[in-house]
Amino acid sequence: MLFLLLAANQSNIFRIKMNGDASSSSSASMMNQNLETFDPELFAVVRAEKKRQASGLEMIASENFTSRAVLQCLGSCLHNKYSEGQPGQRYYGGNEHVDAMERLCQSRCLSAFGLDPECWGVNVQAYSGSPANLAVYTALVEPHGRIMGLDLPDGGHLSHGFQTPRKKISATSLFFESMPYKVDPSTGLIDYDEMERLASLFRPKVIVAGVSCYSRHLDYARFRRACDAAGGALLMADMAHVAGLVAAG
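**Side note on a nonpolar patch on the surface**
Working step 1: Together, Leu 35, Leu 42, Val 45 and Val 46 line one region of the surface with nonpolar side chains, adding up to about 320 Å² of accessible area.
Working step 2: It is helix 3 (residues 40-55) that provides the largest number of residues to the nonpolar patch, a total of three residues.
Working step 3: Tracing the chain through its elements places Val 46 in helix 3.
Working step 4: Judged by relative accessible area, which is 43%, Val 46 ranks as partly exposed.

**Observations regarding the packing of helix 8 (residues 192-202) against helix 9 (residues 220-229)**
Working step 1: Where helix 8 contacts helix 9, the two axes come as close as 7 Å, and the packing angle between them is 20 degrees. By the angle between their axes, helix 8 is roughly parallel relative to helix 9. In this structure, the crossing between helix 8 and helix 9 has a hand that is right-handed. The segment helix 8 lies against helix 9, with Tyr 192, Asp 193, Met 195, Glu 196, Ala 199 and Ser 200 engaging Arg 222, Phe 223, Arg 225, Ala 226 and Ala 229.
Working step 2: Grouping the amino acids of the contact of helix 8 with helix 9 by side-chain chemistry returns six nonpolar, one polar and four charged.

**Digging into helix 5 (residues 96-112)**
Working step 1: With 17 residues, helix 5 should cover 24 Å at 1.5 Å per step; its first-to-last C-alpha distance of 24 Å lies within 8% of that length.
Working step 2: Val 98, Asp 99, Glu 102, Gln 106 and Leu 110 are the residues of helix 5 that are buried. On an axial view of helix 5, the arc spanned by its buried residues comes to 105 degrees, and they lie on one face. Summarising the geometry of helix 5, the exposed residues directed more than 90 degrees from the buried face are His 97, Arg 108 and Ser 111.
Working step 3: Considering only its buried residues, helix 5 is in contact with strand 4 (85-86) and strand 5 (89-90).
Working step 4: Positive phi shows up at Gly 114, right after helix 5, with a value of about 65 degrees.

**A few points about the side chain of Asp 154**
Working step 1: Mapping Asp 154 onto the fold places it in the loop between strand 6 (146-150) and helix 7 (171-175).
Working step 2: Given a relative accessible area of 13%, Asp 154 falls into the buried group.
Working step 3: There is a polar contact of 3.1 Å between the side chain of Asp 154 and the side chain of Lys 182.
Working step 4: In this structure the side chain of Asp 154 is engaged in a polar contact, spanning 2.8 Å, whose partner is the backbone nitrogen of Val 183.
Working step 5: In this view, Asp 154 contacts Lys 182, Val 183 and Tyr 214; residues no more than four positions away in its chain are not counted.

**Regarding the pairing of strand 8 (residues 206-210)**
Working step 1: Extensive coverage of strand 8 is indicated by the burial of five of its five residues.
Working step 2: Residues of strand 8 alternate between two faces, with Val 206, Val 208 and Gly 210 on one and Ile 207 and Ala 209 on the opposite face, all of them buried.
Working step 3: Here strand 6 runs beside strand 8; their pairing, made up of two bridges, is parallel. Paired with Met 148 across the strands is Ile 207, a residue of strand 8.
Working step 4: Pairing geometry for strand 8 and strand 9 (residues 234-238), over five bridges, is parallel. Along strand 9, the bridge assignment pairs Val 208 with Met 236.

Cut-offs applied
Residues numbered from 1 in each chain as written. Predicted model: local features only at pLDDT ≥ 70, side-chain atom pairs only at ≥ 80, totals over all residues. Heavy atoms only, no water. Patch = residues over 30% accessible without salt bridge, like charges linked within 9 Å, V, L, I, M, F, W, Y side chains within 5 Å. Areas by Shrake-Rupley, 256 points an atom, 1.4 Å probe, with all protein chains shown as cover. Salt bridge = Lys/Arg side-chain N within 4 Å of Asp/Glu carboxyl O. Helix = DSSP H or I, 4+ residues; strand = E, 2+ residues; numbered from the N terminus. Buried < 20%, exposed > 50% of the residue type's maximum accessible area, 1.4 Å probe, protein only. Axes fitted to C-alpha atoms, helices over the stretch in contact; angles between N-to-C directions. Parallel < 35°, antiparallel > 145°, perpendicular 65-115°, else oblique. Left-handed = near helix turned anticlockwise from the far one by under 90°. Contact = heavy atoms within 4.5 Å. Nonpolar A, V, L, I, M, F, W, Y, C, P; charged D, E, K, R; others polar. Expected span 1.5 Å × (residues − 1). Arc of directions from axis to C-beta. Polar contact = N/O pair within 3.5 Å; in protein donor to acceptor, adjacent residues only side chain to side chain. Pairing = 2+ DSSP bridges.

Dropping the structure here:
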């Protein structure tokens, strides 16, 4: 059976053509089928992944088990809308309800961290820490500007500028120049003295205070001193893995 699905550009109008005959009833039927009926093979993969999550122990800090309510939002009609831009400043029409949702999310985010909306803004569009970091670098550091972050083998993150001697690994190291600071191999703790010395020589625009696999508190005062030693670098706190603890006080 010939099955052709045509999606009209910039619209949600679908047409189904089967054996040369257009059928609106067939289209409606397809649009209302659940995944198990519409694509059993893909449904089997989803079911296998659900079983894996339920039977295994997940120790990846950047993963999360969402609630039923969150899954319902992700599978709602909001998923159909294209909403590039900021609330009230979109590039397409029909975003009034998306704007209301995003403003609600912004308001709740500021409230969670006890921040005054008159003094603070928040961008809730980044889907994870890496694109959020890239957005900060793009806004604050010119192309090929300099950043410093904890080296990946020492507990840092790929988005903090990691690269090997032969290859730039992430977009951060590709578009920006980076120098890592490291831990003292004898203690396993960040070598703040060496970080400050390197910062005074490298003079980065941004120093990232953030970790991915480092189990100690960060000394933000020492980071500030390193920024000052670099001639007034900006201090960026990447607290993606501890944001919940910060919000809880």
